[in-house]
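Here is how the chains run, residue by residue.
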Amino acid sequence: MNHGKSQLERSVVTTSWGGGDIEVYDGNYGDSGWHGRTDCTDWNVFMTSCDIIRVRFNTYQYKTASQWRSLGCHEFGHTADLGHRGKSNDTDNNSCMRVEIWPQYYDQHDLNAIKAGT
């Protein structure tokens, strides 16, 4: 979680503790097929934006410290509206928004996308 927060702070996003906009949980969610999950638990009245985002980390499967940092970066990227990246648009394999290869940082493409969305 801390690594994901620090990666967001590399962008134009300002973060703080205790605001309630993002709720983070870790727990054993079993053999669910996912390591981390981000979803909206409270849409605004017009259903146009999310007021409360939930980030969950599944402790069921073993992860190294670097994999947890990558997962934190990845899930917090979703809170900034970043989607998954694929090999076709991350040819140097350096975006934490890739799935299953475990980079720990946003690349310039990710930072530009966050900036364009604000």
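A brief structural summary. Everything quoted here is computed from the prediction, not taken from an experiment.

**Some details on the overall build of the protein chain**
Within the protein chain one finds 3 helices and 3 strands. In the protein chain, the succession of α and β elements from N to C terminus is α-β-β-β-α-α. Taking 13 Å as the expected radius of gyration for a compact globule of 118 residues, we find that the protein chain reaches 14 Å, a close match to that expectation. Viewed in the frame of its principal axes, the protein chain has a C-alpha envelope of about 40 × 35 × 25 Å. Burial analysis of the protein chain (118 residues in total) assigns 37% to the buried set. When contacts within the protein chain are restricted to residue pairs at least 6 apart in sequence, long-range pairs at least 24 apart make up 55% of them. Summed over all atoms, the accessible surface of the protein chain reaches about 7,000 Å², with 48% contributed by carbon and sulfur. On the protein chain, the mean spot of the 11 positive side-chain charges and the mean spot of the 15 negative ones are 6 Å from each other.

**Quick look at the nonpolar core**
Generally speaking, nonpolar side chains in soluble globular proteins are found buried as a group. Core analysis: the biggest nonpolar cluster contains 13 residues, and L8 and Y106 have the highest contact counts within it. Counting residues per element, this core draws most heavily on helix 2 (residues 65-79), at 3 residues. Beyond its immediate stretch of four places on either side in the chain, L8 contacts V13, T15, F76, T79, A80, Y106 and I114.

**Digging into the pairing of strand 2 (residues 36-43)**
Judged from the 7 bridges that link them, strand 2 and strand 3 (residues 50-58) form a sheet pairing that is antiparallel. Residue pairing in the sheet places G36 in a bridge with F57 of strand 3. Where strand 2 folds back onto strand 3 in an antiparallel hairpin, the turn is made up of 6 residues, including M47, whose phi is positive at roughly 60°.

**Focus on the environment of K63**
Locating K63 in the fold gives a position in the loop between strand 3 and helix 2. In this structure the C-alpha to C-alpha distance between K63 and N93, which are 30 residues apart in sequence, comes to 19 Å. If we skip the residues at most four places from it in the chain, K63 touches H35, W68 and W102. Within the structure, the side chain of K63 is placed 2.7 Å from the side chain of H35, a separation counted as a polar contact.

Rules behind the numbers
Residues numbered from 1 in each chain as written. Predicted model: local features only at pLDDT ≥ 70, side-chain atom pairs only at ≥ 80, totals over all residues. Heavy atoms only, no water. Helix = DSSP H or I, 4+ residues; strand = E, 2+ residues; numbered from the N terminus. Rg over C-alpha atoms; globule rule 2.2 N^0.38 Å. Buried < 20%, exposed > 50% of the residue type's maximum accessible area, 1.4 Å probe, protein only. Contact = heavy atoms within 4.5 Å. Areas by Shrake-Rupley, 256 points an atom, 1.4 Å probe, with all protein chains shown as cover. Lys, Arg positive; Asp, Glu negative; His and termini not counted. Charge placed at Lys NZ, Arg CZ, Asp CG, Glu CD. Core = buried A, V, L, I, M, F, W, Y, C linked by side-chain atoms within 4.5 Å. Pairing = 2+ DSSP bridges. Polar contact = N/O pair within 3.5 Å; in protein donor to acceptor, adjacent residues only side chain to side chain.

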